[in-house]
Amino acid sequence: MQKNSFLTFLFVFCGLSILLAQQKEVYIKAGFLYDSEENTLLKNQSIHIEGNKIIAVGGFNLIPADAKVIDLSEYTVLPGLIDAHTHVLFSQEAKDDFSEHSIHSLTMESDALRTLRGAKRAKSYLDVGITSIKDLGNSGLYLDVALRDAINEGTIEGPRIFASGPILAAIGGQMYGVSPKHQDLIDLEYRIIKTVEDAKNAVREHQNQQVDLIKICADNIPNNTRLTIEEIKAIVETAHSYNLTVTAHSTNNQSAWNAIKAGVDGIEHGFNLADSTLVLMAKNKVFLVPTENSSNYMDTYNKLAGYDTENTDWVKQYLSKMKSRLQRAIANGVTIVAGSDNYTALGMPRGNSSKDMLRTYFESDMKPLNILRSATYLSALHLNKETKIGVIKPNAYADIIAVKGNLLNDFLHTMENVIFVMKDGETYIENFN
Ligand SMILES: [Zn+2]
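Each residue is numbered by its place in its chain's sequence as written, counting from 1. Local features are withheld for residues below a pLDDT of 70 in this predicted model, meaning they are given only at 70 or higher, and side-chain atom pairs are given and counted only at 80 or more; totals for whole chains, interfaces and linings count all residues. Hydrogens and water are ignored here; the side-chain numbers use all heavy atoms of the structure.

A. Quick peek at the domain arrangement of the protein chain. Start and end positions for the domains come from either an automated domain assignment or a database one. Here the protein chain is partitioned into domain 1 (17–79 + 393–430) and domain 2 (81–354). The distance between the C-alpha centroids of domain 1 and domain 2 comes to 31 Å. Listed per partner, the contact involves 12 residues of domain 1 and 12 residues of domain 2. By definition, the buried area sums, over both parts, the 1.4 Å-probe accessible area that each loses when the two are put together. Roughly 950 Å² is buried in total at the junction of domain 1 and domain 2, and carbon and sulfur atoms are behind 60% of that figure. Contact with domain 2 buries area across many residues of domain 1, yet D399, K423 and Y428 alone supply 46% of it, more than any other trio. Here a salt bridge means any side-chain nitrogen of Lys or Arg lying within 4 Å of a carboxyl oxygen belonging to Asp or Glu. The tally of links between domain 1 and domain 2 comes to 2 salt bridges. The salt bridge involving R160 is made with D424; its shortest N-O contact spans 2.9 Å. Identification of polar contacts relies on pairs of N or O atoms within 3.5 Å, with a donor-acceptor requirement for protein atoms, meaning one able to donate a hydrogen and the other able to accept it, and with residues adjacent in sequence counted only if both atoms are side-chain atoms. Put simply, domain 1 and domain 2 have 4 residue pairs in polar contact (both at pLDDT 80 or more) between them. Looking at the side of domain 1 that touches domain 2, the element that brings in the most residues is strand β15 (residues 418–423), giving 4 residues. Partitioning the side of domain 1 that touches domain 2 into residue classes produces 9 nonpolar, no polar and 3 charged. Should any heavy atoms of two residues lie within 4.5 Å, those residues are counted as being in contact. Runs of H or I in DSSP of at least four residues are treated as helices and runs of E of at least two as strands, each being numbered from the N terminus. Residues are grouped as follows: nonpolar covers Ala, Val, Leu, Ile, Met, Phe, Trp, Tyr, Cys and Pro; charged covers Asp, Glu, Lys and Arg; every other residue, Gly included, is treated as polar.

Right, here's the structure in full:
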């Protein structure tokens, strides 16, 4: 390139760059702003956004006269929500058996079809204001990582995905009833751990495939195999050496106790945690992702599964047991991180059915702002991303949503009324009617 034409190019290029930067600068005017760190609502705030980042947060006087403004002064503005327990590459009907359906999916649904279906489910999270998800396995051989990368490079639209890759589990994984001859099918969905040394290798494999965190099955119930404390310790030590956190699926108290003793960062489900285990979790700063469902969800599920809808005593018992467990966890000082674990087709987009987690916690008497903190700041904190997501403050990504209504007095309706969704500075939903 000649000197003159180079200077012309430089001039035009710089001019264009400045123009583009200017176009990407915007202010949001928020009637109320949820401060997820302080767990409080602030009145009349403005957010200065440049590109995909938040530059400043302050009063309305921050907004220059000629600025481009998104006026959300009639609404409440929140950080984009985080669902800390998803399976976007897996879906089953309420009537399906989990193990049989997994085998069916692994043998008759190609990776390409599975990923495309997962992409549609992932997009539906963005539509309801969930701008980040922690996807915890049942995703074939790293299809979650592929989906994450496709979203990050802009090939498809979707939430930020924090992907675990295949779940690390003892022999059999969660696929019960598979004959010895076909155990290799399980290797397509789980990373089966055979020894302590193998446990370390599994984490290295995952690190090499660029996962964001490690998910283990501390127990495989109803399969009766489980990881040993030594295997879990080896997983945790290797994962932490790569700055990967480890979260453990656990449905019985003993497996949770083992996982906590071995140093995991979080417990998923924890349906049967004893008080002594909750005390240990609080002491060791191990978070809990409660994944139970609301009464509404259970009604819908029962009908779809063809269960006897007259005899709902077992549902009442389940709801009351889960309410008690959540309240005991909070009373013992355990950090609650919001997660849905929704993988059943309920006749609505996945994102919509996953928001049942908010209803479930509300039914267990968690206060609205505490629920929101669990679905934003606390969730981000346990991903080591609390400066980037789950917060509205300088240097965080511009992942911002707005809801219509009164959060404190009409929480559930208001959270259904998401009228604005921005992720990474891009506006996806703008529905002010
Ligand atoms: Zn799950």
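B. Summary view of the environment of Y361. Looking at the element boundaries, Y361 is found in helix α12 (residues 356–363). Judged by its relative accessible area of 0%, Y361 falls in the buried class. Taking the C-alpha atoms as reference points, Y361 and G51, separated by 310 residues in sequence, lie 35 Å from one another. What Y361 contacts, discounting residues up to four positions off in sequence, is P290, L326, V337, A338, G339, M366 and I371. At 2.5 Å, the side chain of Y361 and the backbone oxygen of P290 are in polar contact. Buried, partly exposed and exposed residues are distinguished by accessible area as a fraction of the type maximum, computed with a 1.4 Å probe on protein chains only: under 20%, between the cut-offs, and over 50%, respectively.

C. Spotlight on the pattern of salt bridges. Tallied over the full model, the rule gives 16 salt bridges. The partner of R117 in a salt bridge is E109, and the shortest N-O contact between them spans 2.9 Å. A salt bridge links R148 to D149, with the nearest nitrogen and oxygen atoms 2.9 Å apart. Residue class for D149 comes out partly exposed when judged on its relative accessible area of 32%. Through salt bridges with shared partners, a single ionic network connects K123, D127 and E157.

D. A look at the sheet that holds strand β3 (residues 53–58). A sheet is described by the order of its strands in space; here 7 strands give the open sequence β3-β2-β1-β4-β14-β15-β16, paired in mixed fashion. Here the strands that pair on one side only, and so sit at the sheet edges, are β3 and β16 (426–430). If you compare each strand with its neighbour and ignore which way they point, the axes differ by 35 degrees on average. Strand pairing follows a simple DSSP-based rule, namely that at least 2 bridges must link the two strands. Sheet analysis places strand β2 (residues 40–50) next to β3, joined by 5 bridges and oriented antiparallel. The partner of I47 across the bridge, within β3, is V57. The convention used is that axes are lines fitted to C-alpha atoms, helices contributing only their stretch in contact, and that angles between N-to-C directions extend from 0 to 180 degrees.

E. Just the pairing of strand β10 (residues 214–217), in detail. Covered by surrounding structure in β10 are I214 and I216 together with K215 and C217, the residues of both alternating faces. By the bridge criterion, 4 bridges tie β10 to strand β11 (residues 246–250) in an arrangement that is parallel. Bridge assignment links I216 to a residue of β11, and that residue is A248. With strands facing away from the observer, any crossover in which the path from the first strand over the helix to the second runs clockwise is taken as right-handed. Following the backbone out of β10, through helix α6 (residues 229–241) and into the adjacent parallel β11, one traces a crossover that is right-handed.

F. Region of interest: the coordination of the zinc ion. The donor set covers N, O and S atoms within 2.8 Å of the metal, switching to 3.2 Å for Na, K and Ca, and it leaves out water, so a site may look short of donors. Surrounding the zinc ion are the protein donor atoms H85 (NE2), H87 (NE2) and D341 (OD), which sit 2.1 to 2.2 Å from the metal. Mapping the donors of the zinc ion onto the primary sequence gives the spacing H-x1-H-x253-D. Here H87, found in the loop between β5 (81–86) and α2 (98–108), pairs with D341, found in the loop between α10 (313–331) and α11 (350–354); they are 254 residues apart in sequence, far enough to count as distant. Considered together, H87 and D341 belong to a single accessibility category, that of buried residues.

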